[in-house]
Amino acid sequence: MLSGKQYGASISHSLLQHPCYIDTTVAEIFRWLWTFALHLHVYLFASIRVADKPQDHEELSSNTSRLNRIRAFCTGQELLIYFIIQVPGWNLVNEDGTQKLHRSWKVKTFVRGMEFLRLVADVAEAEGHHPDLHLVGWNNVKIDIWTHAVGGLTENDFILAAKINGLNLHHLLRITPTNK
Ligand SMILES: C[C@H](O)[C@H](O)[C@H]1CNC2=NC(N)=NC(=O)C2=N1
């Protein structure tokens, strides 16, 4: 009859011999190495990290841009897709390696175009977050939004885009099928 101690020793001895256990040890080592390598990669190469996942079900336009809440985004597409669907009409573009939000409109007249930019400027100033504004060819308004402080997109950019979408601009726009 084996004592408890002897029984435990025999169990551990047989386990040690079992290929599964050996595999398990090797698997554990590889798992640890992989995890370490992954964290090292994130530490060394993730230029900016996701501060935290965006709150769900929060109406973007009711948010306000706050510097202390700049949620920098990695290039992780899933986060960008989560936000881009909340700002219809805006597109993700990459200009010389900088990810930006872009949208364009056709306005009725040059003066209406300036009025358009004025309304956007007021929202931007209230937000403390500012877009790149273009009025080209007298009636083409183009807006790019990105966070200069991080050289890419943050949640603040999507908040500003949502607020611009919330502006009543119809009286300034030339009616076209797509109003591109
Ligand atoms: C101090 C001030 O809040 C910052 O300089 C703000 C101003 N507006 C801004 N707007 C944009 N698009 N990106 C910024 O990094 C930025 N920084």
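All of these numbers come straight from a predicted model, not from anything done at the bench.

1. Quick word on the packing of helix α4 (residues 110-127) against helix α5 (residues 155-165)
Following both chains from N to C, one finds α4 and α5 inclined at 140°, their axes separated by 10 Å at the closest point. In the crossing of α4 with α5, the sense of the turn from one axis to the other is right-handed. Two secondary-structure elements touch here, α4 through V120, V123, A124 and E127 and α5 through I159, L160, K163 and I164. Its residues placed into classes, the contact of α4 with α5 shows six nonpolar, no polar and two charged.

2. Here's the deal with α4
Compared with the 26 Å implied by 1.5 Å per residue over 18 residues, the 26 Å span of α4 between its first and last C-alpha is a close match. Turning to α4, its buried residues number three or more, namely G113, F116, L117, V120, V123, A124 and E127. Relative to the axis of α4, the buried residues are bounded by an arc of 120° and lie together on one face. Of the residues in α4, the exposed ones pointing more than 90 degrees away from the buried face are V111, R118, E125 and A126.

3. Points about the site of the ligand
Taken together, the neighbourhood of the ligand is formed by G128, H129, H130, W146, T147, H148 and A149. Between the ligand and H130, the relevant distance is 2.8 Å, taken from a nitrogen atom to a main-chain nitrogen or oxygen of the residue. If the ligand stood free it would expose 390 Å²; the protein chains cover 60% of that surface. Grouping the amino acids of the shell around the ligand by side-chain chemistry returns two nonpolar, five polar and no charged.

4. Focus on the pattern of salt bridges
Per the stated rule, a full pass over the model turns up three salt bridges. Measuring nitrogen to oxygen at the nearest pair gives 2.8 Å for the salt bridge that ties K100 to E95. One salt bridge in this structure joins R118 and D122, with 2.8 Å as the shortest N-O distance. In this pair, R118 and D122 are both assigned in helix α4, four residues apart and thus about one turn of the helix distant. A residue is classified by how much of its surface remains accessible, and D122, at 39% relative accessible area, is partly exposed.

5. Focus: the confidence of the model for the protein
Of all residues in the protein, 62% have pLDDT values of 70 or greater, and the mean over the chain is 76. Below pLDDT 50 for its whole length, residues 14-23 participates in four contacts with residues either more than four positions away or in separate chains. As a predicted assembly, this complex carries a pTM of 0.66 together with an ipTM value of 0.96.

Each value, and the rule that gives it
Residues numbered from 1 in each chain as written. Predicted model: local features only at pLDDT ≥ 70, side-chain atom pairs only at ≥ 80, totals over all residues. Heavy atoms only, no water. Axes fitted to C-alpha atoms, helices over the stretch in contact; angles between N-to-C directions. Helix = DSSP H or I, 4+ residues; strand = E, 2+ residues; numbered from the N terminus. Left-handed = near helix turned anticlockwise from the far one by under 90°. Contact = heavy atoms within 4.5 Å. Nonpolar A, V, L, I, M, F, W, Y, C, P; charged D, E, K, R; others polar. Expected span 1.5 Å × (residues − 1). Buried < 20%, exposed > 50% of the residue type's maximum accessible area, 1.4 Å probe, protein only. Arc of directions from axis to C-beta. Near = heavy atom within 4 Å. Polar contact = N/O pair within 3.5 Å; in protein donor to acceptor, adjacent residues only side chain to side chain. Areas by Shrake-Rupley, 256 points an atom, 1.4 Å probe, with all protein chains shown as cover. Salt bridge = Lys/Arg side-chain N within 4 Å of Asp/Glu carboxyl O. pLDDT = per-residue confidence, 0-100.

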